[in-house]
Amino acid sequence: MNKVIIRDYLPKDYPKLMQLWESLDLSNPMRGENNEVIENTLQIGGKLPIMETAEYQTIGTACLTNDGRRIYLHHFGIDKEWQNNGLAKRLLKECLQFAKEKKMQIKLELHKNNIAALQLYKKGGFKYLGDYLVFIIRDI
């Protein structure tokens, strides 16, 4: 396997990031993701680790937002061609380290049918909070 690194997001990463998110169904126009939103997220204490190959191919990502009380993990994914190589575990470890450094809880939402992610997060130490319903207003 080629050498893979994890580094912080740079604005020049935006096109590759969006391409990866779209390929993994992590992005859609309803979410309002753009470079400005990402930059704002980073300025207020978030983090966006980028996993890439030695050839600068973006193959993994996670987005960590900070509401001042806890860290939220989302947009976590590994390129389909690179899955099942232990990279998700490595990326998750990076995310957990960020929360530890911030001395904050870390929380995520997960689709109930995403069994692979469920197993990863359980192995990573996440605990199920119960049958919460999630609501949102996108256009307020």
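You'll find the structure just up there.
Just so we're clear, the structure is a prediction, and the values are computed from it rather than from any experiment. (Residues numbered from 1 in each chain as written. Predicted model: local features only at pLDDT ≥ 70, side-chain atom pairs only at ≥ 80, totals over all residues. Heavy atoms only, no water.)

Can you explain helix 1 (residues 14-23)? Please cite residues and give values.
Here helix 1 has its buried residues at Leu17, Met18, Leu20 and Trp21. End-on, the buried residues of helix 1 take up no more than an arc of 160°, which puts them together on one face. Counted as exposed and oriented over 90 degrees from the buried face of helix 1: Pro15, Gln19 and Glu22. Buried residues belonging to helix 1 abut helix 2 (35-43), strand 2 (49-53), strand 3 (58-66) and strand 4 (70-78). Downstream of helix 1 by a residue or two, Asp25 has a phi angle that is positive, lying close to 60°. (Buried < 20%, exposed > 50% of the residue type's maximum accessible area, 1.4 Å probe, protein only. Helix = DSSP H or I, 4+ residues; strand = E, 2+ residues; numbered from the N terminus. Arc of directions from axis to C-beta. Contact = heavy atoms within 4.5 Å.)

Give me the lowdown on the pairing of strand 5 (residues 105-108), citing residues and values where you can.
The pairing of strand 4 with strand 5 spans four bridges and is parallel. Bridge pairing links Leu73 to Leu108 in strand 5. Handedness of the crossover joining strand 4 and strand 5 through helix 3 (residues 87-102): right-handed. (Pairing = 2+ DSSP bridges. Right-handed = clockwise from strand over helix to strand, strands pointing away.)

So what about the packing of aromatic side chains? Which residues, and what values?
Across all of its chains, the model carries two aromatic pairs by this definition. A ring pair is formed by Phe76 and Tyr121, whose centres lie 5.8 Å apart and whose planes are at 70°; its orientation type is edge-to-face. A residue pair is termed long-range when its members are at least 10 positions apart, and Phe76 in strand 4 and Tyr121 in helix 4 (residues 115-123) qualify at 45 residues. Looking at Tyr121, the relative accessible area reads 8%, which means it is buried. (Phe/Tyr/Trp six-rings, centres within 6.5 Å; stacked < 30°, edge-to-face > 60°.)

Account for a nonpolar patch on the surface, with residues named and values stated.
Taken together, the side chains of Leu110, Ile115 and Leu118 define a hydrophobic patch exposed on the protein surface, amounting to about 220 Å² of accessible area. With respect to the helices and strands, Leu118 occurs in helix 4. Judged by relative accessible area, which is 32%, Leu118 ranks as partly exposed. (Patch = residues over 30% accessible without salt bridge, like charges linked within 9 Å, V, L, I, M, F, W, Y side chains within 5 Å. Areas by Shrake-Rupley, 256 points an atom, 1.4 Å probe, with all protein chains shown as cover. Salt bridge = Lys/Arg side-chain N within 4 Å of Asp/Glu carboxyl O.)

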